[in-house]
Amino acid sequence: GCGKSENTAIVSIISSVCSKIMELLGQNEIDHHQRQVAILSQDSFYKVLTTEQKAKALKGQFNFDHPDAFDNDLIISTLWDIKEGKTVQIPVYDFVTHSRKEETVTVYPADVVLFEGILMFYSQQIRDLFQMKLFVDTDADTRLSRRVLRDISERGRDLESVLAQYITFVKPAFEEFCLPTKKYADVIIPRGADNLVAINLIVQHIQDILNGGLTKRLTGWFNGYGATKKPNMESSSRPH
């Protein structure tokens, strides 16, 4: 069944692996209202930019890969609502205009929520809300090629600007903010979505949760994190 109050397991993971997990679980073919597993993306939670910041962004001079680029208070409050079995409204971010859209996406209660994003371990306040933390280890050239293809085809950018942003912001931010958080991972998956052995192990673990096999253990984890008492909503940080 969906939406067991205060028993939602939140797993942090990377997008390419997320979609593979959903496919293997058969959840991608199920109506959003009925899904036992839902996906959220850190990229939905970029802060609303000031006029000055937006002008920089349009010139490729704003660092979207810094932890402070994200609305961490909103991430924390959303994760707490999810853990408590509530329906949540997720912002929609327009990467072409660098702005948050008026509409939101509704995410209904689920037993497991996969939260993807490469900086989700940077803030301890956010990190401690995950029941399982997965770090997907991908070669630098693979990360760059995927970014180039995505930014050109989906976000209307030219190759020169994509590479300039990568060298100026993306690569340094990855090395400073993302890579050091690898030590917080419960599981490290090399080769990403190609690593079917690791992914199948994760899928089996999630199926155990869905089947209620881990209910007692999860309840202990929730009690340990103080699930019935929300922490102070202090700003934390993380890059995309």
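Keep in mind that what you see is a predicted model, and the values were worked out from it rather than measured.

A. Local environment of the overall build of the chain. Scanning the chain from N- to C-terminus turns up eight helices and seven strands. By sequence separation, contacts in the chain at least 24 residues apart represent 77% of the contacts at least 6 residues apart.

B. Highlighting the pattern of salt bridges. In the structure shown here, the tally under the stated rule is twelve salt bridges. In this structure, Glu84 engages Lys86 in a salt bridge whose closest nitrogen and oxygen atoms are separated by 3.4 Å. On the accessibility criterion, Lys86 (39% relative accessible area) is partly exposed. Because the salt bridges share partners, they merge into one network encompassing Asp65, Arg147, Arg150, Asp151, Arg155 and Arg157.

C. The pairing of strand S3 (residues 88-94), seen in detail. Summarising burial for S3: six of the seven residues are buried, a large majority. Two strands pair when backbone bridges link them, and S3 and strand S4 (residues 99-107) are joined in this way by six bridges, in the antiparallel orientation. For Val88, the partnering residue across the bridge sits in S4 and is Val107. Linking S3 to S4, which pair antiparallel, is a turn of four residues; within it His98 sits at a positive phi near 55°.

D. Fine view of the nonpolar core. Ile75, Leu79 and Phe115 are the most contacted members of the largest nonpolar core, which has 36 residues in total. For this core, the secondary-structure elements that each account for two or more residues are strand S2 (37-41), helix H3 (72-83), S3, strand S5 (112-116) and helix H6 (159-178). Contacts of Leu79, omitting those with residues within four sequence positions, involve Ile10, Phe115, Ile126, Leu129 and Phe130.

E. Structural view of the pairing of S5. Within S5, five of the five residues are buried, which leaves the element mostly enclosed by the surrounding structure. Judged by which residues are buried, S5 turns out to be covered on both faces: Val112, Leu114 and Glu116 on one side and Val113 and Phe115 on the other are all buried. Judged from the five bridges that link them, strand S1 (residues 9-13) and S5 form a sheet pairing that is parallel. Directly across from Val11, in S5, lies its bridge partner Leu114. With five bridges connecting them, S2 and S5 associate as parallel partners. If you follow Ile39 over to S5, its bridge partner there is Leu114.

F. Spatial organisation of the sheet that holds strand S7 (residues 187-190). An order of S2-S5-S1-S6-S7 is seen for the five strands of this open sheet, with the pairing classed as parallel. Since the sheet does not close on itself, it has two edges, and those belong to S2 and S7, each with one partner. Put simply, the sheet's adjacent strands are angled 20° from each other on average, direction ignored. By the bridge criterion, two bridges tie S1 to strand S6 (residues 132-137) in an arrangement that is parallel. Within S6, the residue paired with Val11 across the bridge is Met132.

G. Seen up close, the environment of Tyr184. Topologically, Tyr184 is positioned in the loop between H6 and S7. For the pair formed by Tyr184 and Lys133, sequence separation is 51 residues and the distance between their alpha carbons is 7.5 Å.

H. Summary view of the packing of aromatic side chains. For the structure shown, the criterion picks out nine aromatic pairs. Between the aromatic rings of Tyr122 and Phe177, the centroid separation amounts to 5.4 Å while the plane-to-plane angle is 85°, which identifies the pairing as edge-to-face. Of this pair, Tyr122 sits in the loop between S5 and helix H4 (124-127) while Phe177 sits in helix H6; the two residues are 55 residues apart in sequence, bridging distant segments of the chain. Among the aromatic residues, ring-to-ring pairing joins Tyr46, Phe62, Phe64, Phe70, Tyr93 and Phe95 into one connected group. One cation-aromatic arrangement involves Arg127 over Tyr184; the distance from NZ or CZ to the ring centre is 3.5 Å.

Cut-off values and rules
Residues numbered from 1 in each chain as written. Predicted model: local features only at pLDDT ≥ 70, side-chain atom pairs only at ≥ 80, totals over all residues. Heavy atoms only, no water. Helix = DSSP H or I, 4+ residues; strand = E, 2+ residues; numbered from the N terminus. Contact = heavy atoms within 4.5 Å. Salt bridge = Lys/Arg side-chain N within 4 Å of Asp/Glu carboxyl O. Buried < 20%, exposed > 50% of the residue type's maximum accessible area, 1.4 Å probe, protein only. Pairing = 2+ DSSP bridges. Core = buried A, V, L, I, M, F, W, Y, C linked by side-chain atoms within 4.5 Å. Axes fitted to C-alpha atoms, helices over the stretch in contact; angles between N-to-C directions. Phe/Tyr/Trp six-rings, centres within 6.5 Å; stacked < 30°, edge-to-face > 60°. Lys NZ or Arg CZ within 6 Å of the ring centre and 35° of its normal.

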